[in-house]
Every structure is written in structure tokens, then in C-alpha cells.
Amino acid sequence: MKRIITLFILGFSPILHAQQINANDFLKQVLSFPLGASVNPRLLEENTSYRGLVETEFTSLTAENHMKMALIHPESHHFDFTKGDEIVAFAKKNKSRVHGHTLVWHNQTAQWMKDFQGDQQAWENLLKNHIQTIVKHYHGQITGWDVVNEAFLDDGSLRPSIWTDHIPDYLAKSFIWAHEADPQVLLFYNDYGQDGKPKKMEAILNMVQDFKKRQIPIDGLGLQMHISIQSKNEEIKQIIEQSTATGLRIHFSEVDIAVNPKNNPDFVLDDTILQTQSDKFQWLFSSFGAIPRKQQYGITFWNVGDKDSWLRGYFKRPKEYPLLFDENYQRKSAYQELYQRLTKK
Ligand code: G3I
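Sequence order sets the numbering: in each chain, residues are counted from 1 along the sequence as written. Under the rules for a predicted model, residues below a pLDDT of 70 receive no local features and side-chain atom pairs below 80 are neither given nor counted, while totals for whole chains, interfaces and linings still include all residues. Hydrogens and water are ignored here; the side-chain numbers use all heavy atoms of the structure.

A. Summary view of the confidence of the model for the protein chain. Per-residue confidence from the predictor is reported as pLDDT, which spans 0 to 100. The share of residues in the protein chain with pLDDT of 70 or more is 94%, and the mean pLDDT across the chain is 94. Per-residue pLDDT, averaged within each element of the protein chain, yields its smallest value for helix H1 (residues 2–10) (39) and its largest for strand E4 (residues 144–149) (99). Here residues 1–18 scores under 50 on pLDDT; set against residues more than four positions off or in separate chains, the count is 17 contacts. By definition, any uninterrupted DSSP run of H or I lasting at least four residues is a helix, any uninterrupted run of E lasting at least two residues is a strand, and each is numbered from the N terminus. A contact between two residues is defined here by any heavy atoms of the two lying within 4.5 Å.

B. Here's a closer look at the environment of leucine 274. Here leucine 274 lies in helix H13 (residues 271–289). Think of it in three bands: residues with accessible area under 20% of the maximum for their type are buried, residues over 50% are exposed, and the middle band is partly exposed, with areas taken using a 1.4 Å probe on protein chains only. Since its relative accessible area comes to 18%, leucine 274 is described here as buried. Separated by 60 residues in the primary sequence, leucine 274 and alanine 334 have C-alpha atoms spaced 7.4 Å apart. Contacts of leucine 274, omitting those with residues within four sequence positions, involve Leu269, Lys332 and Ser333.

C. Quick look at the site of the ligand. Proximity is defined per residue: any heavy atom of the residue falling within 4 Å of a molecule or strand makes that residue near it. Residues in contact with the ligand amount to 15 residues; listed here are only the nearest, Glu64, Lys68, His101, Glu150 and Glu254. At 2.7 Å from an oxygen atom of the ligand is found a side-chain nitrogen or oxygen belonging to histidine 101. Polar contacts, as counted here, are pairs of nitrogen or oxygen atoms within 3.5 Å of one another; within protein the pair requires one atom able to donate a hydrogen and one able to accept it, and residues that are adjacent in sequence qualify only if both atoms are side-chain atoms. Tryptophan 302 has a polar side-chain atom sitting 2.9 Å from an oxygen atom of the ligand. The protein chains hide 54% of the 780 Å² of surface that the ligand would expose on its own. In this classification, the charged set is Asp, Glu, Lys and Arg, the nonpolar set is Ala, Val, Leu, Ile, Met, Phe, Trp, Tyr, Cys and Pro, and all remaining amino acids, among them Gly, are polar. Among the residues making up the shell around the ligand, the classes are represented as 4 nonpolar, 7 polar and 4 charged. Only the protein chains shown count as cover for residues, and all accessible areas are computed by the Shrake-Rupley method using a 1.4 Å probe.

D. Spatial organisation of the packing of aromatic side chains. Working definition: rings of Phe, Tyr and Trp (its six-membered ring) pair if their centres are within 6.5 Å, and the pair is stacked with planes under 30 degrees apart, edge-to-face with planes over 60 apart, and tilted otherwise. Using the criterion set out here, one finds 20 aromatic pairs in the structure. With 5.7 Å between their ring centres and 5° between their planes, phenylalanine 79 and phenylalanine 81 make a pair best called stacked. If you follow lysine 28 out to its NZ or CZ, it ends over the ring of phenylalanine 26, 5.6 Å from the centre. Only lysine NZ and arginine CZ atoms are considered, and such an atom sits over a ring when it is within 6 Å of the ring centre and within 35 degrees of the ring normal. Note that arginine 97 overlies the ring of tyrosine 297, its terminal NZ or CZ placed 3.8 Å from the centroid.

E. Local environment of the packing of helix H8 (residues 120–137) against helix H10 (residues 170–181). The geometry of H8 relative to H10 is characterised by a closest axis approach of 9 Å and an angle of 40° between their N-to-C directions. For the element pair H8 / H10, the angle class is oblique. Here the hand of the crossing between H8 and H10 comes out right-handed. Residues Gln120, Glu124, Leu127, Lys128, Ile131, Gln132, Val135 and Lys136 of H8 touch H10, and the partners they reach there are Lys173, Ser174, Trp177, Ala178, Glu180 and Ala181. Residue classes in the contact of H8 with H10 are distributed as 6 nonpolar, 3 polar and 5 charged. Here the axes come from fitting lines to C-alpha atoms, over the contacting stretch only for helices, and the angles between their N-to-C directions go from 0 to 180 degrees. With respect to orientation, any angle under 35 degrees is reported as roughly parallel, any angle over 145 as roughly antiparallel, any angle of 65 to 115 as roughly perpendicular, and every other angle as oblique. Two helices crossing with the near one rotated counterclockwise from the far one by less than a right angle form a left-handed crossing, whereas a clockwise rotation gives a right-handed crossing.

Next comes the structure, spelled out in C-alpha cells:
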């Protein structure tokens, strides 16, 4: 009884917790925007449960790694589109959209790029050729590109990289080159952790304003949303509103909600934590739903099942459960509750 009263106080109907949704009911069916996941082509090929979920649950796919510089352009005169093409073919068969990630980044650059020697013109040729070869290769097959990823530091300054070192105004140039290669494809600036970092957010907004003033093409902002159950809703709400006020399309582009952000080795996932995570997912989806419809580009999760998350692989946090599907690719309670909340009359 006490739990039921608490749930009512928190604004959640206990009925939501009682029902299991039908296996043939899908979250994607009750959303008015694409539901995406970043994917790993090896898992798509080898793991039938993973592949099955990607086929049935998601309507937008992003390569988690295989369209990044080091993988797609491993040598100066060689592009490797194999894995990217596999993802695009898979998406096409599945009638899913593809969102491209990412043309320019300071991270996962190819070794030959790090070693490259040349004057400003030579560097510009390198980056222009990189961007335009990829954008042209995927012409008509990709809806939008993260053109530049994570260019600003928390203090709002431009993040030092081989691009800032050699190409003045590389951000604007990257967008111009991408647009030249495919005037139809949507162009996004993508970044993380703007919540609670007003200087970083301000730098992004200033960039958008400057682009508009100089007529540099930009269509959208990617808010990665690598958040945790401890992230403050008020801070996130503020950056969503500030981003939306630009009039650009908004993409929650790399969503995961960490439950054990400090990587406590004794962490135990229990119902209370799962409920907190579920509430956060619901809040995030309803915040996205509050964005004007024409600006809603979609919500993309950063991979599929909890065990596929970069937080486990890259960050080596084995006791992390940040996604909508569990280690056995079963829908978590958060999935059920999201569906029920969205279909509640
Ligand atoms: O493929 C190699 C493999 O051959 C090698 O044996 C192994 C040894 O470590 O590394 C493998 O590459 C790893 C790659 O993921 C593919 O699994 C890299 O080491 C590893 O660094 C890389 O991590 C990726 C990370 O970006 C790199 O910064 C994560 O999977 C990926 O989820 C993550 O994604 C980024 C977004 O692009 C941008 N926003 C932040 C997000 C999380 O960091």
C-alpha cells in the first residue's frame, strides 16, 4: 500500500507496473519520430537476437564506429566502405533510415592523418576530400550526417585537434564541403554533456548564430544524452529548450542512462534503481515530445542491449545497465512503461 501511495505521489499510476505489453506491440509504433540505435555490424551478423531486435524495434540506424575517420578512411588513398555499406543495406532491407556518424572528429582519426605533413591548403584538400568522398558515396542513402562531433570543450573554447591546428574555421568549412557534396542531406553538429555546462552550450549556440549570419548550412543539433540517473532534469530541460530555440532539428543522438555512474564494483541492480531509470527514460521521451513536431529528428540509443554498451566495452564498467534492453535482449520494465505511458488515454 505504501508503495502504491508513493507511486501516486510521484505521479505514476501503479497500473503501468502491472501489465506486460504484447510482444507484437512496439514502441516505434506509438512514436511520431524515428527510434534509432547505433549498431555494430559484427553483432548484426553473428547474433540473431541482436539482429532481430534491430529489425523489429528500430526505424533509424547509425554505425557506432564504422563511418568514423580511422575505419572508413584508413589510408590516404583508400576508403573502406565495406561495413558502412553493410549497415546501409541492412537498413534499406528493413526500411529504416540511416543517420551518418561522423565526418569530422578529434578522436578515432586515422594514423596517416595524424602523421600528415602539409600546408593549410594541403590540409584543407585532405579534409574536403574526406568529407566529400563519403557524402557522395552515401548520396541518397543517408538522411543526415553528424558533420562535426564534439568540437567544444566544457569552457566553451574550441577543442584543440589536428583540425584546429591546420585549418582555420574548420567547423564552417566542413559544413560547406558536406553541403556541396549533397545539398539534400541534413547536416548536424553533435556534442555531449551540455547540461550543467553553460559555456559549452553557449559556444554551440554562438556557432549556430554565426553560421546563420554567414549563411553556412546547418540543419540540426545532436544532443548525445549520455546521461545518468543522477543527471539533473532541470539542466537537461534547459539545454533542450536552448537548442530548440535555434529552430533547427533536434536529435537525441546517443542516448543511454547510466545507473552506476561511479562504477561501484559492489553495485547491485534492483527494482528501485530500475524504476528511477525508467522514470528518467519517460521524462526524456516526453521532453523530446514537447519539441515542435517539425524539429523532431528522432531519438537514437547508443547500441541495443545493456551488454553492448560502450560504457561496458570502452569504459570497462561491467556493472552498467544503461539501455532499454537487458543482457538477454529482453525488453526492460522501462520499455514497457514507456509504451504504456505513450498509449495511455
Ligand atoms: O576494432 C578494434 C579492434 O580491432 C581492437 O582489437 C580493439 C582493441 O581495443 O579495439 C577495437 O576498436 C575499438 C572500437 O571502439 C570498436 O569496438 C576501440 O578500441 C574503441 O576505442 C572504440 O570505442 C568507441 C569510442 O566511441 C571511441 O571513442 C566506442 O565503441 C563508441 O561507442 C564510442 O562512441 C562515441 C561516439 O562516437 C561519440 N560520442 C561519444 C561516444 C562514446 O564515447
